[in-house]
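Remarks on the overall topology
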Amino acid sequence: MAAPTTSPLGLFGTDDLISEDDRAIRDTVRAFVADQVRPHIAEWYDAGALPARELARELGKLGTLGMHLEGYDCAGTSATAYGLACLELEAGDSGVRSLVSVQGSLVMYAIWRFGSEEQKQQWLPRMAAGEAIGCFGLTEPDFGSNPAGMRTRARRASPGNEQSDWVLDGTKLWITNGSISDVAVVWARTDDDDQRIAGFLVPTDTPGFAAHEVKRKMSLRASVTSELVLDGVRLPADAVLPGASGLSGPLSCLNEARFGIVFGSLGAARDCLDTALDYVAERDIFDKPLAGYQLTQAKLADMTLELGKGMLLALHLGRLKDRGELDPAQVSLGKLNNVREALAIARECRTLLGAAGITLEYPVMRHANNLESVLTYEGTSEVHQLVIGQALTGHAAFR
Ligand code: TGC
Ligand code: FAD
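Comments concerning the overall build of the protein chain
Helices and strands together make up the secondary structure of the protein chain, namely 12 helices and 9 strands. In terms of overall dimensions, the protein chain has a C-alpha envelope of 80 × 45 × 40 Å along the principal axes. Buried residues in the protein chain amount to 52% of all 399 residues. Summarising the internal contacts of the protein chain: among those between residues at least 6 apart in sequence, 74% fall at separations of at least 24. Taken as two groups, the 38 positive and 52 negative side-chain charges of the protein chain have centres that lie 4 Å from each other.

As structure tokens, then:
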């Protein structure tokens, strides 16, 4: 039997498009995943429990938390390196990548971009080290794709007095890391004259704050997902993120996390394809390996094409981001395409594994189930189609 001559991404030669420094970071994260995630992930997934605190500390030591941010003990890598780290983490499990995305791209980025110097000093070094965990509360039970409709309210304890404390009331749902967080970034509509949306740093031990874990998930089982309840949560006047005003605040954070998913989703797809390649080489069907059938090779070729095209797109977007030229609609192109194709690859790989593909012995069904969440969070496919449609036509068709 002839040995394979290349891997799916090897065939595309995408490594040549990555700088030596970025490749070194990628390889370090890949080794971490092989050592600290792969041996345990099926068990964590089965149990629906991630040892998130321990893992966060290890991810902090590795330098992956807020890694593309400058200063405050963050690693200050390129955006492409951050993307490649997401890819390797998600090759382990989307839940592990989610932990890093939410911490670095949503919470740390929000504080780094919109916070006061005191807020940055207070939270960023501890979060970079994985000693403090954050969550990002935008979605509500009745407002997911349309966060502008949010009902969570922030009112002044003494109306009209800008030095007054804030009081927050509302409910956030589907919040990653919610019930294990030390701090929640909560987006709320204020009672100021312009009723603007603002972000608040809520220490999770503040009276009136509660977090409840969402149970019985069939996807992202190795990730903590929670409901946040804010019932008269009183915060000092300086709990607000001073640099964020309006919906562009949280949406700017989403651009960062969506960028990580452009790469991350390819990690799940690559892991499925690698698994399928190994499987078809070993599995004899009728009288020869499954790898030797034309139908199998057609599937493998088509999946390799989509994985490679997705990687070229991701690296292109990475380069644009490193030059400071990445537009949100371009992030939507990447998120829409790469998650959709990663899910298709995971499902196709599952067919190649036959019945074995439905078990946790192999990572394929786990990745496929995870990607169902990835397709929905950080903007559903339909939302990204509409963002792209708006860029192409000038018409906003969200409403
Ligand atoms: P619209 O009127 O278009 O815009 C309101 C303001 O925001 C600005 N803006 C953006 N700014 C930065 N980045 C973007 N991508 C932006 N898109 C819009 C816009 O310029 C405007 O600014 P200004 O200054 O004029 O006020 O807003 P809209 O209400 O029509 O909504 C547009 C829409 C539908 C695209 C947006 O609401 C949207 O993206 N919805 C999807 C919501 C979403 O993705 N939620 C994700 C929650 S977090 C999460 O899922 C974490 S999962 C994490 C994990 O575990 O990995
Ligand atoms: P809906 O908005 O109710 O959408 C339902 C369907 O309607 C979708 O198919 C959608 O595409 C479609 N639709 C919506 N608008 C339109 C339209 N204009 N035209 C046509 N179709 C449309 N949120 C956070 O804030 N923080 C987190 O940390 C977080 N983590 C998450 C973790 C997990 C595991 C999951 C599953 C979700 C998480 N979310 C988080 C929430 C996530 O962002 C939302 O689920 C997502 O934005 C979609 O909102 P929704 O579920 O309310 O769906």
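Some remarks on the site of ligand 2
Taken together, 16 residues lie around ligand 2, and Thr139, Ser145, Trp174, Thr380 and Glu382 are the ones closest in. At a separation of 2.9 Å, a nitrogen atom of ligand 2 approaches a polar backbone atom of Phe136. Within the contact set of ligand 2, a nitrogen atom lies 2.7 Å away from a side-chain nitrogen or oxygen of Thr139. Burial of ligand 2 by the surrounding chains reaches 67%, relative to a free accessible area of 970 Å².

Description of the site of ligand 1
Neighbouring ligand 1 are 25 residues, the closest being Ser98, Asn255, Arg258, Gly379 and Arg399. Contact distances for ligand 1 include 3.2 Å between an oxygen atom and a side-chain N or O atom of Arg97. Thr176 places a side-chain nitrogen or oxygen 3.0 Å from an oxygen atom of ligand 1. In isolation ligand 1 exposes 1,100 Å². Once the protein is present, 71% of that is buried. Broken down by secondary-structure element, the contributors of at least two residues to the shell around ligand 1 are helix H6 (94–114) and helix H8 (248–282).

Here's the deal with the nonpolar core
Core analysis: the largest hydrophobic core is formed by 89 residues, its most contacted members being Phe136 and Trp187. Element by element, the count of residues in this core is highest for H8, at 15 residues. Apart from residues no more than four positions distant in its own chain, Phe136 is found in contact with Val102, Leu106, Val107, Ile175, Val185, Trp187, Pro250, Cys253 and Leu254. Core analysis: the second largest hydrophobic core is formed by 18 residues, Ala154, Val186, Ala188 and Leu230 among them.

So, the packing of aromatic side chains
As enumerated under the stated definition, the model contains 5 aromatic pairs in all. The aromatic ring of Tyr293 is capped on one face by Lys288, whose charged end is 4.5 Å from the ring centroid. Against the face of Phe259 rests Lys321, its NZ or CZ located 5.6 Å from the ring centre.

As for the environment of Leu69
Position of Leu69 relative to the elements: it lies in the loop between helix H4 (52–62) and helix H5 (79–92). C-alpha separation for the pair Leu69 and Ala148, spaced 79 residues apart in sequence, amounts to 27 Å. Each residue touching Leu69, except ones within four places of it in the same chain, is listed here: Cys74, Ala75, Gly76, Gly104, Met108, Tyr109 and Trp112.

Digging into the packing of H5 against H8
The interhelical angle for the contact between H5 and H8, taken along N-to-C directions, is 40°, at an axis separation of 7 Å. With respect to each other, H5 and H8 are oriented oblique. Where H5 crosses over H8, the two elements pack in a sense that is right-handed. Across the interface between the two elements, Ala79, Thr80, Tyr82, Gly83, Leu84, Cys86, Leu87, Glu88, Glu90 and Ala91 from H5 touch Glu256, Phe259, Gly260, Phe263, Gly264, Ser265, Leu266, Gly267, Ala268, Arg270 and Asp271 from H8.

Observations regarding the environment of Leu333
Relative to the assigned elements, Leu333 resides in helix H10 (residues 328–352). For Leu333, a relative accessible area of 40% puts it in the partly exposed group. Linking Leu333 and Trp123, residues 210 residues apart in sequence, is a C-alpha distance of 33 Å. With residues up to four places along the chain from it excluded, the contact list for Leu333 reads Leu313 and Ile388.

Overview of unusual backbone geometry
Comment: phi is negative for the bulk of residues other than glycine, and the bulk of peptide bonds are trans. Unlike most non-glycine residues, Asp73 shows phi in positive territory, near 70°. Here Asp73 lies in the loop between H4 and H5. By relative accessible area, Asp73 is classed as exposed at 63%. With a phi angle near 70°, Asn177 is a residue other than glycine that sits in the positive phi range. Within the element layout of this structure, Asn177 appears in the loop between strand S3 (166–176) and strand S4 (183–190).

Quick notes on the domain arrangement of the protein chain
It is common to give the size of an interface as the accessible area lost on bringing the parts into contact. By the assigned domains, the protein chain splits into domain 1 (8–128), domain 2 (134–245) and domain 3 (249–393). For domain 1 versus domain 2, the separation of C-alpha centres amounts to 24 Å. Taken together, the contact pairs 28 residues of domain 1 with 25 residues of domain 2. Carbon and sulfur atoms supply 65% of the area buried between domain 1 and domain 2, which totals about 2,000 Å² over both sides. Of all residues in domain 1, Tyr45, Phe114 and Trp123 give up the largest surface area on contact with domain 2, accounting jointly for 27% of the area buried on that side. Our enumeration of links across domain 1 and domain 2 arrives at 1 salt bridge. Across the pair Asp182 and Arg53 runs a salt bridge, and its minimum N-O distance is 2.8 Å. Summed over the shared surface of domain 1 and domain 2, the number is 9 residue pairs in polar contact (both at pLDDT 80 or more). At the level of elements, helix H3 (41–47), H4, H6 and helix H7 (117–128) are the ones that each hand at least two residues to the side of domain 1 that touches domain 2. Ranked by the residues each element gives to the side of domain 1 that touches domain 2, the list is headed by H6, at 12 residues. Of the residues assigned to the side of domain 1 that touches domain 2, the class counts are 17 nonpolar, 8 polar and 3 charged.

Reading the values: rules and limits
Residues numbered from 1 in each chain as written. Chains lettered and ligands numbered in written order. Predicted model: local features only at pLDDT ≥ 70, side-chain atom pairs only at ≥ 80, totals over all residues. Heavy atoms only, no water. Helix = DSSP H or I, 4+ residues; strand = E, 2+ residues; numbered from the N terminus. Buried < 20%, exposed > 50% of the residue type's maximum accessible area, 1.4 Å probe, protein only. Contact = heavy atoms within 4.5 Å. Lys, Arg positive; Asp, Glu negative; His and termini not counted. Charge placed at Lys NZ, Arg CZ, Asp CG, Glu CD. Near = heavy atom within 4 Å. Polar contact = N/O pair within 3.5 Å; in protein donor to acceptor, adjacent residues only side chain to side chain. Areas by Shrake-Rupley, 256 points an atom, 1.4 Å probe, with all protein chains shown as cover. Core = buried A, V, L, I, M, F, W, Y, C linked by side-chain atoms within 4.5 Å. Phe/Tyr/Trp six-rings, centres within 6.5 Å; stacked < 30°, edge-to-face > 60°. Lys NZ or Arg CZ within 6 Å of the ring centre and 35° of its normal. Axes fitted to C-alpha atoms, helices over the stretch in contact; angles between N-to-C directions. Parallel < 35°, antiparallel > 145°, perpendicular 65-115°, else oblique. Left-handed = near helix turned anticlockwise from the far one by under 90°. Domains from an automatic or database assignment. Buried area = accessible area lost by both parts, 1.4 Å probe. Salt bridge = Lys/Arg side-chain N within 4 Å of Asp/Glu carboxyl O. Nonpolar A, V, L, I, M, F, W, Y, C, P; charged D, E, K, R; others polar.

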